[in-house]
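Coordinates in review
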Amino acid sequence: MALIVQKFGGSSVGDAAKIKHVAKRVIETQRAGNQVVVVVSAMGDTTDELIDLAQSVSVDPYSAPREMDMLLTSGERISMALLAIAINAQGAQSRSFTGSQAGIMTSAKHGDARISEVTPVRIQEALDAGDIAIVAGFQGFNKDSKDITTLGRGGSDTTAVALAAALDADVCEIYSDVDGVYTADPRVIPAAHKLDAIDIESMLELAAAGAKILHIRAVEFARRHNVDLRVRSTFSTDPGTIVY
Ligand code: ADP
Ligand code: ASP
Ligand code: MG
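Since we're looking at a predicted model, the values are computed, not measured. (Residues numbered from 1 in each chain as written. Chains lettered and ligands numbered in written order. Predicted model: local features only at pLDDT ≥ 70, side-chain atom pairs only at ≥ 80, totals over all residues. Heavy atoms only, no water.)

In this section: the overall build of the protein chain. Scanning the protein chain from terminus to terminus reveals 7 helices and 12 strands. For the protein chain, the C-alpha radius of gyration of 17 Å lies close to 18 Å, the compact-globule estimate for 244 residues. Reported as C-alpha extents along the three principal axes, the dimensions of the protein chain are approximately 45 × 45 × 35 Å. Each of the 244 residues in the protein chain was classed as buried or not, and the buried ones make up 51%. Restricting the contact set of the protein chain to residue pairs at least 6 apart, pairs at least 24 apart contribute 71%. Entry remark: accessible area of the protein chain is about 11,100 Å², with carbon and sulfur atoms responsible for 52%. Each charge class in the protein chain can be summarised by its mean position, and for the 23 positive and 31 negative side chains these summaries are 3 Å apart. (Helix = DSSP H or I, 4+ residues; strand = E, 2+ residues; numbered from the N terminus. Rg over C-alpha atoms; globule rule 2.2 N^0.38 Å. Buried < 20%, exposed > 50% of the residue type's maximum accessible area, 1.4 Å probe, protein only. Contact = heavy atoms within 4.5 Å. Areas by Shrake-Rupley, 256 points an atom, 1.4 Å probe, with all protein chains shown as cover. Lys, Arg positive; Asp, Glu negative; His and termini not counted. Charge placed at Lys NZ, Arg CZ, Asp CG, Glu CD.)

Structure, rendered in structure tokens:
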């Protein structure tokens, strides 16, 4: 039995129909004989909308960084619970966990915390019980301050890779709205073409140059911990891009 971590970004869980589609895909992965851990981002533009909302009550909301993290982490909680509800409605068992419940420990820096340790005890228990474990991306917990933190914009990719490393997963699949890693952003450069495979050093260069398909810390983490990464589309069966 393989252990697969699947991360679904904001565009993959943007509305109810998409969440039901993700639920179906995740259940299919489990029924194919795998243990599945799912990491989700906030729905669509939720994170941006929450920032706008904070800016409408303060000219400088980031002067309250702890509260900004409390606010922004709520986006991922909505997705994780809705996905668990959708999976359960489709006849499989699942349980959702916040970053702190999933054992994602971080530095104390609000808005840009780094993962320091992952102790996914409750995730392992859920898997052992035959459940699909769903984890809120982009967030963690600092042991000293006892506060919730966020990992920086796009940080759900890093949650997924860190969990894959801690659970010794067979593969970490990053699902997005494009069917893999392209030579350049396909929305900007129409002539860009999809790569079937890319080595991790080149992927690191692409991420460092600002290609947001993978969060740079996720790529760094994967390199350091030897995590097998695959970038795929939520909306097609294309095998995507293998990062080796
Ligand atoms: P998600 O919400 O799933 O995390 P992101 O918006 O963070 O998705 O990342 C996916 C987007 O990254 C794509 O829609 C694409 O426009 C952009 N992108 C930038 N560079 C690349 C690249 N080299 N290959 C593929 N996509 C890229
Ligand atoms: N929701 C967060 C963001 O918009 C994290 C993520 O999408 O990975 O940056
Ligand atoms: Mg992203």
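Further remarks concern the site of ligand 2. In the neighbourhood of ligand 2, the contacting residues comprise Ser41, Ala42, Thr47, Glu76, Phe138, Arg153, Gly154, Gly155 and Ser156. Gly154 is positioned with one of its backbone polar atoms (N or O) 2.9 Å from an oxygen atom of ligand 2. Applying the majority rule of atoms within 2 Å of the grid points places ligand 2 in the largest pocket. By residue class, the composition of the shell around ligand 2 is 2 nonpolar, 5 polar and 2 charged. (Near = heavy atom within 4 Å. Polar contact = N/O pair within 3.5 Å; in protein donor to acceptor, adjacent residues only side chain to side chain. 1 Å grid on protein atoms, 1.4 Å probe; cavity = no way out; pocket = protein on both sides within 12 Å on 5 of 7 lines; lining within 4 Å. Sits in = over half its atoms within 2 Å of the grid points. Nonpolar A, V, L, I, M, F, W, Y, C, P; charged D, E, K, R; others polar.)

The subject of this paragraph is the site of ligand 1. Surveying the vicinity of ligand 1 reveals 18 residues, the closest of which are Ser176, Asp177, Tyr182, Asp185 and Arg187. Between an oxygen atom of ligand 1 and a side-chain N or O atom of Lys7, the distance comes to 3.0 Å. In this structure, a nitrogen atom belonging to ligand 1 sits 2.9 Å away from a main-chain N or O atom of Tyr182. Against a free-state accessible area of 580 Å², the protein chains account for coverage of 88% of ligand 1. Grouping the amino acids of the shell around ligand 1 by side-chain chemistry returns 8 nonpolar, 5 polar and 5 charged.

Turning to the packing of aromatic side chains, a few remarks are in order. Aromatic rings in a pair are described by how distant their centres are and how their planes are angled relative to each other. In this structure the tally under the stated criterion is 1 aromatic pair. When the centroid spacing of 4.7 Å and the interplanar angle of 15° are considered together, the rings of Phe8 and Tyr175 count as stacked. Here Phe8 is found in strand β1 (residues 2-8), whereas its partner Tyr175 is found in strand β9 (residues 171-176), with 167 residues between them in sequence. As far as the burial class goes, Phe8 and Tyr175 line up, both buried. Over the aromatic face of Phe221 sits the side chain of Arg224, whose NZ or CZ is 5.5 Å from the ring centroid. (Phe/Tyr/Trp six-rings, centres within 6.5 Å; stacked < 30°, edge-to-face > 60°. Lys NZ or Arg CZ within 6 Å of the ring centre and 35° of its normal.)

With respect to the helices and strands, Thr159 occurs in helix α5 (residues 156-166). Residue classification places Thr159 among the buried positions, given a relative accessible area of 0%. Once residues lying within four places of it in the same chain are set aside, the contact partners of Thr159 are Val39, Ile104, Ile115, Val135, Ala136, Gly137, Phe138, Gln139 and Leu151.

Now for the layout of surface pockets. When its volume is computed, the largest pocket comes out at roughly 1,000 Å³. Every residue lining the largest pocket is counted, 40 residues in all, and those nearest its centre are Lys7, Gly154, Ser176, Lys212 and Ile213. Mapped onto the lining of the largest pocket, the elements with two or more residues apiece are α2 (46-57), α5, β9 and α6 (200-208). Of the residues forming the lining of the largest pocket, the biggest block, 3 residues, is contributed by β9. Classifying every residue of the lining of the largest pocket gives 16 nonpolar, 14 polar and 10 charged. (Points joined across faces, edges and corners; volume = space filled by probe spheres on them.)

In total, this model carries 14 salt bridges according to the counting rule given. Notably, a salt bridge pairs Asp147 with Arg66, separated by 2.9 Å at the nearest N-O pair. Here Asp147, found in strand β8 (residues 147-150), pairs with Arg66, found in helix α3 (residues 65-89); they are 81 residues apart in sequence, far enough to count as distant. Judged by relative accessible area, Asp147 falls into the buried class, the value being 15%. As a salt-bridge pair, Asp112 and Arg217 come within 3.2 Å of each other at their nearest N and O atoms. Separated by 105 residues along the polypeptide, Asp112 in the loop between β4 (104-106) and β5 (115-118) and Arg217 in helix α7 (residues 216-225) bring together distant segments of the chain. In this structure Arg217 comes out as buried when scored by relative accessible area, which is 16%. When salt bridges that share partners are traced, they join Arg66, Glu67 and Asp147 into one network. (Salt bridge = Lys/Arg side-chain N within 4 Å of Asp/Glu carboxyl O.)

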